[in-house]
Amino acid sequence: MQIHLENYILKAFLASALLAVIMMVLALGLIHLFTRGTPLSTPLVLIVAAVSFVLSASFFERYEVGSIMWATMVSLIITLILTLIAGGVIYSLSAKNPGWEEMASGLAICMIISMTLLNYLKRSLGEIEY
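Each residue is numbered by its place in its chain's sequence as written, counting from 1. In keeping with the model being predicted, local features are shown solely for residues with a pLDDT of at least 70 and side-chain atom pairs are shown and tallied solely at 80 or more, while totals for entire chains, interfaces and linings include all residues. Side-chain measures here rest on the full set of heavy atoms in the structure, leaving out hydrogens and waters.

Asks: Got a minute to help me understand the overall build of the protein in this structure?
Replies: Labels follow the DSSP assignment, with helices taken as runs of H or I lasting at least four residues and strands as runs of E lasting at least two, numbered in each case from the N terminus. In terms of regular secondary structure, the protein is built from four helices and zero strands. Along its sequence from the N terminus, the protein presents helices and strands in the succession α-α-α-α. Between the two quantities, the radius of gyration covers C-alpha atoms and the globule rule is 2.2 Å times the number of residues to the power 0.38. Relative to the compact-globule value of 14 Å for 130 residues, the protein shows a C-alpha radius of gyration of 18 Å, a clear excess of over 25%. Considering only intrachain contacts with a sequence separation of at least 6, the fraction spanning at least 24 residues in the protein is 78%. Throughout, a contact is declared for two residues whenever any of their heavy atoms are within 4.5 Å.

Asks: What's the story with the packing of helix 2 (residues 42-63) against helix 3 (residues 68-94) in this structure? I'm lost.
Replies: To describe two helices that pack against each other, one gives the angle between their axes and the distance between the axes. Helix 3 packs onto helix 2 with a crossing angle of 140° between their chain directions and a minimal axis gap of 8 Å. Classified by the angle their axes make, helix 2 and helix 3 are oblique. The interaxial crossing formed by helix 2 with helix 3 has right-handed handedness. The residues of helix 3 that touch helix 2, namely those facing Val45, Val48, Ala49, Ser52, Phe53, Ser56, Ala57 and Phe60, are Ile68, Trp70, Ala71, Thr72, Val74, Ser75, Ile78, Thr79, Leu82 and Thr83. Of the residues that constitute the contact of helix 2 with helix 3, the class distribution is twelve nonpolar, six polar and no charged. Here, axes are lines fitted to C-alpha atoms. For helices the fit covers the stretch in contact, and angles between N-to-C directions go from 0 to 180 degrees. For this classification, under 35 degrees means roughly parallel, over 145 means roughly antiparallel, 65 to 115 means roughly perpendicular, and everything else is oblique. In this scheme, a crossing is called left-handed if the near helix is turned counterclockwise away from the far one by less than a right angle; it is called right-handed if the turn is clockwise. Amino acids outside the nonpolar list (Ala, Val, Leu, Ile, Met, Phe, Trp, Tyr, Cys, Pro) and the charged list (Asp, Glu, Lys, Arg) are all regarded as polar, and Gly is one of them.

Given below as structure tokens:
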């Protein structure tokens, strides 16, 4: 029973840490987007948008769960997330002396928020199953 508890705690920590790192990269991507503009060229952004639109539209058509409006929304979200991730990576690699204190504080706050979100999501999905 003790090993199962340790695996659960380790999995929860790893999930929280991974989500926190993703949140930090997205936040840095927002900073890059508003200070320096889009990190990706316009043709690349359009290609990402087109591919994600076609894939999401065919998914919604196959399972008959959505429409073209849902495919458009999913495409916009995927394009924004990929653009922010690219911007976050570029910003973190090119930032001049970002300060480890600010990065550690941001990561700690993101870990707290991500664990809260994971617990809420777990509880919400549990309620949906019943």
